[in-house]
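Coordinate analysis (summary)
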Amino acid sequence: HGQVNAAEFNLAVGLLFWIVVFVALFQNVASALRSSKTDPSPTMFLFIAPPAAAALAIVALERARGADKPLVDGAVFFVMVDLFLFLLLLRLLPIWVFQKFNVAWWAYIFPLSTAASTMVLYANWTGLLIWKIVASIMTITAIAVIVLVASLTVYHVFRGRIPVDDKARALYCRSQRS
């Protein structure tokens, strides 16, 4: 039972810090929506990881306690918060599509994958077709982004555009000749 208490403590601390990060990121989203000149950072996708991870953690904690319900209200709350934030960030998609590739795009991977995993859990729990469609869309989106970012990273490495720093590139090229 001590491990469950330690996990609850870690979840509480994580949620406390998520509130701080949420406020900071939300101000950035607001400015990006107001100004077409502001390019939102890919790290804004970190918005959707904490509520998704919290939902998964709550489910795991409840199962460790022996709960017979596969999904509890606290987890459902975080699933819905996660979906809302996902839809909010979808509004910024036209801005992201035209950004130049950057290795910071790897910041998309974990949040999208976590959100998709959480939505799959929720869809399986409800059994409703609409949630299965939403889960499928989020999963396909996560897989597509993983493939796209990995492909672009490999492409830019072979084109010599990554690493961007000249000293790092020189070291990389020298190590390839050895």
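Residues numbered from 1 in each chain as written. Predicted model: local features only at pLDDT ≥ 70, side-chain atom pairs only at ≥ 80, totals over all residues. Heavy atoms only, no water.

Points about the overall build of the chain
From N to C terminus, the chain includes seven helices and zero strands. Going from the N terminus to the C terminus, the chain shows its helices and strands as α-α-α-α-α-α-α. Expressed as a percentage of its 178 residues, the buried residues of the chain come to 34%. In the form shown here, the chain has an accessible surface area of approximately 10,700 Å², with 69% of it arising from carbon and sulfur atoms. (Helix = DSSP H or I, 4+ residues; strand = E, 2+ residues; numbered from the N terminus. Buried < 20%, exposed > 50% of the residue type's maximum accessible area, 1.4 Å probe, protein only. Areas by Shrake-Rupley, 256 points an atom, 1.4 Å probe, with all protein chains shown as cover.)

Things to note about the pattern of salt bridges
Scanning the model with the defined rule gives two salt bridges in all. Between Arg65 and Glu8 there is a salt bridge, with the nearest N and O atoms lying 1.6 Å from each other. Of this pair, Arg65 sits in the loop between α2 (49–64) and α3 (73–90) while Glu8 sits in helix α1 (residues 2–34), placing them 57 residues apart in sequence. With a relative accessible area of 38%, Arg65 lands in the partly exposed category. Of the charged contacts, one joins Arg65 and Glu62 as a salt bridge, the two residues approaching to 2.3 Å between their closest N and O atoms. By relative accessible area, which is 21% here, Glu62 ends up partly exposed. Residues joined in a network through salt bridges with shared partners are Glu8, Glu62 and Arg65. (Salt bridge = Lys/Arg side-chain N within 4 Å of Asp/Glu carboxyl O.)

Some points on the environment of Ala24
Inspection of the secondary structure assignment puts Ala24 in helix α1. Spatially, the C-alpha atoms of Ala24 and Met44 are 9.9 Å apart, while their sequence positions differ by 20 residues.

Some points on the confidence of the model for the chain
As a general rule, the predicted coordinates of low-pLDDT regions are not to be interpreted in detail. With 82% of its residues at a pLDDT of 70 or more, the chain shows a mean pLDDT of 82. Predicted confidence in the chain is weakest over helix α7 (residues 166–177), with a mean pLDDT of 64, and strongest over helix α6 (residues 129–158), with 94. (pLDDT = per-residue confidence, 0-100.)

Brief notes about α6
The first and last C-alpha atoms of α6 sit 43 Å apart over 30 residues, in line with the 44 Å expected at 1.5 Å per residue. The set of residues buried in α6 consists of Trp131, Val134, Ala135, Met138, Ala142, Val145, Val149, Thr153 and His156. Structurally, α6 contributes buried residues whose contacts are with α3 and α5 (109–126). (Expected span 1.5 Å × (residues − 1). Contact = heavy atoms within 4.5 Å.)

Things to note about a nonpolar patch on the surface
Residues Leu87, Leu90, Leu93, Val97 and Phe98 make up a contiguous nonpolar surface patch of about 530 Å² in total accessible area. Note on placement: Leu90 falls in helix α3. (Patch = residues over 30% accessible without salt bridge, like charges linked within 9 Å, V, L, I, M, F, W, Y side chains within 5 Å.)

What about the packing of α3 against α5?
Relative orientation of the contacting elements α3 and α5 amounts to 130 degrees, with a least axis distance of 10 Å. Classed by the angle they form, the pair α3 and α5 counts as oblique. Remark: the crossing between α3 and α5 carries left-handed chirality. Across from Val76, Val79, Met80, Asp82, Leu83 and Phe86 in α3, the residues of α5 making contact are Leu112, Ala115, Thr118, Met119, Tyr122 and Trp125. (Axes fitted to C-alpha atoms, helices over the stretch in contact; angles between N-to-C directions. Parallel < 35°, antiparallel > 145°, perpendicular 65-115°, else oblique. Left-handed = near helix turned anticlockwise from the far one by under 90°.)

Some details on the packing of aromatic side chains
Within this structure, the stated rule accounts for eight aromatic pairs. Between the aromatic rings of Tyr122 and Trp131, the centroid separation amounts to 5.2 Å while the plane-to-plane angle is 80 degrees, which identifies the pairing as edge-to-face. Accessibility expressed as a relative area gives 17% for Trp131, which makes it buried. Each member of the aromatic cluster is reached from another via a ring pair, and the members are Trp18, Phe22, Phe47, Phe77 and Phe78. (Phe/Tyr/Trp six-rings, centres within 6.5 Å; stacked < 30°, edge-to-face > 60°.)

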